[in-house]
Structures are given as structure tokens and as C-alpha cells.
Amino acid sequence: LSGQCFSGKPSIVVNPKCTEHYPLYFSPTWLGDYSGDLTLQIANSHEGNVYQLKGTAEEPLAEAHFVVQCTARESVVQEFEVPNIMGAEVCDYTVYSDLGFVSGEDEFSVPAQSVGSFELTLKPFKSATTHGTVTCMTPSGRYVWFSMEVRAVPPAVEDTIAVTCQVRKAVLVHISLTNPVKEHLEFHVNFSGHGVFGLDHLRLGPEETKQYELVFSPLITGMSEGSVHFVNELAGEYWYKLQLQATEAPPETLPEMSCEIGTRCTRQVTVDNPLDELVTLTTSSSNSRNFCIKERDLVLQPFGSAQLTVEYTPSSLTEVENGEVAVS
């Protein structure tokens, strides 16, 4: 048996009229194509077969996979155990990572025929699940690598803000944010909650404090929750919880409608959409006998409006007929 990285037993016994399998091992030390020869020869007659061997060593699999649970803007330490892939000599490693929030020792050594360890500190700036790698490379280009999954949950809430507004109205919420570093920063703003909107970014000068304006303009009554997150790679993530209360607006009184018995008359009512999203509303009438709504549903474009047609059909000569028309 000849050839680098190939190995096997020096002999094999095959009984009469039997078949045996010869165990051949291919153990490459690094990437590349390898070749060799295997000769199986009968000792008494010197007859035998010669096999040409070819092997290809592909990139190594990850030494281990780590799932790290942490909180945004907080540090967590992860330890790595690294084998000496050089065998009989001291192995010097340089550490690389494609994760942008990793810090720690960038060089270490592992004694011959041994296993070493090193630590890295992870401090993700925002809440997210991030996948990446950590690679330990020798001066000759050989390497050991680890796959990483970092699951960062949001940091503790900065504050809880209670906001109350009538439906179809709008209120401004002012949130103070400070730039903690001596350079210009741009925060990306993410918000959630029905009727909540605002600018998607906020620019701050060095150590500047500025008010961010968030708009709450609900269309549906009730209590709900929302949030607003400010994210920057240097400053990290800051977020506020929103307690949203939308109260019922007082009814609007339309001018009196009148017409003769047996006829009908109509009036147009404008309905506005104060939101930056498409809204579909359903109409209803408390007195459909006398007040009918032509449109069953209203589709309002973002910040748009639509006309609602109320049709009055009188049924009495002596009584004043009333009703309520609702859009929800």
C-alpha cells in the first residue's frame, strides 16, 4: 500500500471459495487530491491485483454548532474548544468571524497533540436571530471553524407610554432620544400598533438630544398595545411600550333631510382615512327603514377619503324620523 493518507491492514486471509472485503482507509489531513496504489498479492504464487487509488478531501465540516441566547446591548461570553490540527507541533491560530458584534482574543496557540480553548464576547446591538461563523486559521491556511446562531431578545423597555385619542382624530407622542457618542448617528425606527405611524429614521448630532414625533390616529375604538424601537449599530437598540386607548368620537349631526311621501332624497357624507395604510370600513344604519346606506363597504386609500351616500325614505307625515349611521 502506497500513497499519502491511505492506510489498511498489511494482510488479509480469504478462505477457499469465499469472498472477503479489504478495509481501506482514507484519512486526509487537509484539502486536496491524493493518489496511491494498493497491491493485493498471493504470498505463494505472487499473483495479485494492483488498484490505483484516488481520493479528494473537501472542506471540513463545522467543528461544532453553538446556539447563543442573549439580550441586545448586553454581553455574553462563549468558550470554544479547538483541536491541534498540526499534530506533533504547536499550532498557532488566528481568529476570524463574520459576526459584527464579536470581540476577544484574536490569536492563541494549542500545544502538540492537544486541545486548546479561547473565549469570545458577543454583544449584539439589536434584537434579532443572526447566523454566522467563527474560524481559527493557521499560518499555512488550514483552519477549524464553528457555526453560530445568536438569538438576541429585546433589551429592557425604556418606558411605557399611555396614549388616548378619539377615533378619526390624531395625537402626537413626543419621545426624547439622546446620542451617547461624539459622532453623528442615524437611528432606524420600527413601530407597531393600530393607528401608529411616523418617520422611519431619526438623525442625531454628537451627544444631541432630540424629540421624535409619533402619531396615533385610530379608526377603531378599544384598548391595544404597540411599540416603537430605535436601532443603531453603535448605540444599540432602545424601545418604548405603547398603551393605546381609542375612545369613541361624539356623533356628528347631519342637516335635516326632507322630501315628499313616496319619494327619496340623498346626502353625501365624506369619510377620511388618517392612516398611511389601506382601510376597509363597513357601514350600518340603526333605522334602515328610513335611512339606507348605498355603500355596504368603503375602501379608503392611505390618507384618502371616500363619499358615503345616505338615502332618506319618509314613512310618516307627522313624526320626525331619526336614525344613526355608523362606519366601522
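See the structure shown above.
Right, let's walk through the structure included here. All values derive from a computational prediction rather than experimental measurement. (Residues numbered from 1 in each chain as written. Predicted model: local features only at pLDDT ≥ 70, side-chain atom pairs only at ≥ 80, totals over all residues. Heavy atoms only, no water.)

What about the overall build of the protein chain?
Looking only at helices and strands, one finds zero helices and 26 strands in the protein chain. In summary, the protein chain has a C-alpha radius of gyration of 37 Å against a globular reference of 20 Å for 328 residues, an excess of more than 25%. Summarising its shape, the C-alpha atoms of the protein chain cover approximately 130 × 65 × 25 Å along the three principal directions. The long-range share in the protein chain, meaning contacts at least 24 apart out of those at least 6 apart in sequence, stands at 60%. Summed over its atoms, the accessible surface of the protein chain is roughly 20,300 Å², and 48% of this surface lies on carbon and sulfur atoms. Positive and negative side-chain charges in the protein chain, numbering 19 and 42 respectively, have mean positions lying 7 Å apart. (Helix = DSSP H or I, 4+ residues; strand = E, 2+ residues; numbered from the N terminus. Rg over C-alpha atoms; globule rule 2.2 N^0.38 Å. Contact = heavy atoms within 4.5 Å. Areas by Shrake-Rupley, 256 points an atom, 1.4 Å probe, with all protein chains shown as cover. Lys, Arg positive; Asp, Glu negative; His and termini not counted. Charge placed at Lys NZ, Arg CZ, Asp CG, Glu CD.)

Points about the state of the cysteines
Considering all chains together, one arrives at zero disulfides under this definition. Looking at Cys70, it has no disulfide partner, and the nearest cysteine sulfur is the one in Cys136, 20 Å off. Under the relative-accessibility criterion, Cys70 is labelled buried at 9%. Lacking any disulfide linkage, Cys259 is separated from the closest cysteine sulfur, that of Cys265, by 3.8 Å. (Disulfide = S-S within 2.5 Å. Buried < 20%, exposed > 50% of the residue type's maximum accessible area, 1.4 Å probe, protein only.)

Details of a negative patch on the surface
There is a patch of like negative charges on the surface, built from Glu79, Glu81, Asp92, Glu105, Asp106, Glu107 and Glu119. Within the secondary structure layout, Glu79 lies in strand S6 (residues 76-83). (Patch = residues over 30% accessible without salt bridge, like charges linked within 9 Å, V, L, I, M, F, W, Y side chains within 5 Å. Salt bridge = Lys/Arg side-chain N within 4 Å of Asp/Glu carboxyl O.)

So, the sheet that holds strand S22 (residues 279-285)
Each strand in a sheet pairs with its neighbour through backbone hydrogen bonds, running either in the same direction (parallel) or in the opposite one (antiparallel). Taken in spatial order, the three strands of this open sheet run S24-S22-S26, and their pairing is antiparallel. A strand with exactly one partner marks an edge of an open sheet, and here the two such strands are strand S24 (297-300) and strand S26 (325-327). On average, each strand axis in the sheet is inclined to that of its neighbour by 25°, with strand direction left out of account. Relative to S26, S22 runs antiparallel, the two sharing three bridges. In the strand pairing of S26, Ser284 is matched with Ala326. (Pairing = 2+ DSSP bridges. Axes fitted to C-alpha atoms, helices over the stretch in contact; angles between N-to-C directions.)

Details of unusual backbone geometry
In this model, Gln113 sits at a positive phi of 50°, which is unusual for a non-glycine residue. Tracing the backbone through its elements, the reader meets Gln113 in the loop between strand S9 (107-110) and strand S10 (115-122). Under the relative-accessibility criterion, Gln113 is labelled exposed at 64%. Even without being a glycine, Arg168 presents a positive backbone phi close to 70°.

Topic: the environment of His194
Among the structural elements, His194 can be located in the loop between strand S15 (185-192) and strand S16 (196-198). Take His194: its relative accessible area is 31%, and that puts it in the partly exposed class. Separated by 81 residues in sequence, His194 and Leu275 place their C-alpha atoms 9.3 Å apart. When residues no more than four places from it in sequence are discounted, the contact partners of His194 are Phe216, Pro218, Leu219, Ile220, Leu244 and Leu275. A polar side-chain atom of His194 sits 3.3 Å from the main-chain amide nitrogen of Leu219. (Polar contact = N/O pair within 3.5 Å; in protein donor to acceptor, adjacent residues only side chain to side chain.)

Considering the sheet that holds strand S5 (residues 65-71)
The five strands are arranged S5-S12-S11-S7-S9 in an open sheet whose pairing can be described as mixed. Each edge of the open sheet carries a strand with a single partner, namely S5 and S9. The sheet shows a mean angle of 30° between the axes of neighbouring strands, direction not considered. Direction of pairing for strand S11 (residues 128-137) relative to strand S12 (residues 143-153): antiparallel, over a ladder of 10 bridges. Among the inter-strand pairings, Met137 is bridged to a residue of S12, identified as Tyr143.

Looking at the layout of surface pockets
Empty space within the largest pocket amounts to approximately 1,500 Å³. Along the wall of the largest pocket there are 46 residues; nearest its centre are Pro251, Glu252, Leu254, Glu324 and Val325. For the lining of the largest pocket, the secondary structure elements donating two or more residues are strand S21 (265-272), strand S25 (305-312) and S26. If you tally residues by element for the lining of the largest pocket, the top one is S21, at four residues. Of the residues assigned to the lining of the largest pocket, the class counts are 25 nonpolar, 11 polar and 10 charged. Along the walls of the second largest pocket sit 18 residues, with Ile12, Tyr22, Thr39, Leu40 and Gln41 positioned nearest its centre. Here the residues of the lining of the second largest pocket sort into 10 nonpolar, six polar and two charged. (1 Å grid on protein atoms, 1.4 Å probe; cavity = no way out; pocket = protein on both sides within 12 Å on 5 of 7 lines; lining within 4 Å. Points joined across faces, edges and corners; volume = space filled by probe spheres on them. Nonpolar A, V, L, I, M, F, W, Y, C, P; charged D, E, K, R; others polar.)

By themselves, these are just geometric observations and shouldn't be taken as functional.
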